[in-house]
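If you want the building blocks of each chain, they are given just below.
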Amino acid sequence: MAKFKKARTDIKFKTIAIETMIIGILFVLFASYANADCGCIGMNTNTIYKCGDNVSESCILNCCLTCSGHGLRVNADNIILDGNGYTLTGPENNYLGNSYTVGIITNNKENITIKNFEIMNFSNGLIPVPLAMGGSMKNYSIINNTVHHMSSCGISLSGASNSKIINNTCHSIKLDGIDSSPGNNNLIENNTCYNNKGGIGFYGSTTQNNTIRNNNLFNNKWGIIFGWMGPNYNKILDNTIYNNTYFGIYLYYGSSFNEIYNNTIKGNKNGIFLTKCHPITNVCYVLNVTNNTIAYNKISGNSEYGIYINSSLNNTLISNKICENNIDIAIFNGTINATGNSGDNNSCTLARNYEDFSAGSNNSCTNICNCSTNSQCISNKCVNEICKTP
């Protein structure tokens, strides 16, 4: 009887071992099959595009791809790359930037849509284009992507025109979350950029006629920066820019004829800063910052200046509410006399070397930052109907 029970037990263990082995083999086969089908699936040919491949048709990603080099290369006009919510991961960690790796790159193509990707851990030692549009291109739509942990820039418009960057999130990026150098007639709208060196950066004299609108920019070193021999004739509208280490908006080295309207800029070190000098090196350049219009903005709670103008000419301030900053408005002569800077109908409490056209004899601005209760003030201090700085 004991021998019979032992035999049954041995058979049972052998059966379990065989079943386990079969399950293991099936798992390996299934994993291999799944991996074989993993990629961006071509909508016309069912081609499976993987890391480093040239994508020549619209495709939709069906898995998370981890790449040892480049991600996907756009190689045709008039196509859509849909990430379908999956992640495209590169080989770089900890902002190393020691190799040329690009998440999605395309050159000299038109009518391209890139949407619904999460892209991370790519880097670029020479040109900042982890999600990039390079060359002479137009009609790009970059929509609903999350781009993070890059050792250069997040989304880069390099030579693109008539394009849209909408509803993207860029964070934990070593340089700018979104940049353009150059780029014309583009729309940057409803994006969120945080924990980067810069939120949005535009550079060069040929970066013109772009609109930056309704973006949420916070916890960067600066929210928006324009510089390097331009840009000119752009619009910065309706953005919320707060808690950035140095500047809310920074215009330097030739940035001229731009319109900065209806933004909320609060809790930065400086609100809007105009100068011909570099923000990091403080090197001052030949081209001045001129003929920009700053109007209808709410600029408050910045720990140094609300609006600071240095070595800049003929800029106009209209109907801004500049309150509860350490100094609301300041104009200084630097390498040149800061002449021709003027405005009217602004609200402020403390200004240096500035006076509205219609300001009273004892005031710098037409209006004082009035209040009736403490709750109307960031500092929660309403004294004699005036908000006091924190």
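Quick note: structure is the one above.
The structure reproduced in this document is the subject of the present report. Since we're looking at a predicted model, the values are computed, not measured.

1. Things to note about the overall build of the protein chain
- Helix and strand counts for the protein chain come out as 1 helix and 43 strands.
- When each of the 390 residues of the protein chain is scored for burial, the buried share is 50%.
- For the protein chain, long-range pairs separated by at least 24 residues make up 55% of all intrachain contacts whose partners lie at least 6 apart in sequence.
- Just so you have it, the protein chain exposes about 17,400 Å², and 51% of that area is on carbon and sulfur atoms.

2. Section: the layout of surface pockets
- In this structure, the second largest pocket occupies an estimated 230 Å³ of space.
- Together, 16 residues line the second largest pocket, and Phe247, Tyr250, Phe273, Pro279 and Asn282 are the ones closest to its centre.
- Secondary-structure elements contributing two or more residues to the lining of the second largest pocket are β27 (247–251), β30 (270–274) and β34 (305–310).

3. Focus: the pairing of strand β38 (residues 327–332)
- Of all 6 residues that make up β38, 5 are buried, and the element is covered over most of its length.
- Inspection of the sheet shows β34 paired to β38 by 5 bridges, in the parallel sense. By the bridge assignment, tyrosine 308 is partnered in β38 with alanine 330.
- Pairing of β38 with strand β41 (residues 351–352) involves 2 bridges; the strand directions are parallel. Looking at β41, one finds that isoleucine 329 is bridged to alanine 351.

4. Some remarks on the sheet that holds strand β29 (residues 264–266)
- With parallel pairing, the 12 strands of this open sheet are ordered in space as β5-β8-β11-β13-β16-β20-β23-β26-β29-β33-β37-β40. The open sheet terminates on both sides in strands that have one partner only, identified here as β5 (65–66) and β40 (347–348).
- Relative to β40, strand β37 (residues 321–323) is paired through 2 bridges, and the arrangement is parallel. Residue pairing in the sheet places isoleucine 322 in a bridge with cysteine 348 of β40.

5. Regarding the pattern of salt bridges
- Using the criterion set out here, one finds 2 salt bridges in the structure.
- Ionic pairing is found between glutamate 189 and arginine 213, a salt bridge with its closest N-O pair at 2.8 Å. Linking glutamate 189 in strand β19 (residues 187–189) with arginine 213 in strand β22 (residues 211–213), this pair joins segments that are 24 residues apart in sequence.
- The shortest N-O distance in the salt bridge between glutamate 304 and lysine 269 comes to 3.8 Å. Of the two residues, glutamate 304 is situated in the loop between β33 (298–300) and β34 and lysine 269 in the loop between β29 and β30; the sequence distance between them amounts to 35 residues.

Each value, and the rule that gives it
- Residues numbered from 1 in each chain as written.
- Predicted model: local features only at pLDDT ≥ 70, side-chain atom pairs only at ≥ 80, totals over all residues.
- Heavy atoms only, no water.
- Helix = DSSP H or I, 4+ residues; strand = E, 2+ residues; numbered from the N terminus.
- Buried < 20%, exposed > 50% of the residue type's maximum accessible area, 1.4 Å probe, protein only.
- Contact = heavy atoms within 4.5 Å.
- Areas by Shrake-Rupley, 256 points an atom, 1.4 Å probe, with all protein chains shown as cover.
- 1 Å grid on protein atoms, 1.4 Å probe; cavity = no way out; pocket = protein on both sides within 12 Å on 5 of 7 lines; lining within 4 Å.
- Points joined across faces, edges and corners; volume = space filled by probe spheres on them.
- Pairing = 2+ DSSP bridges.
- Salt bridge = Lys/Arg side-chain N within 4 Å of Asp/Glu carboxyl O.

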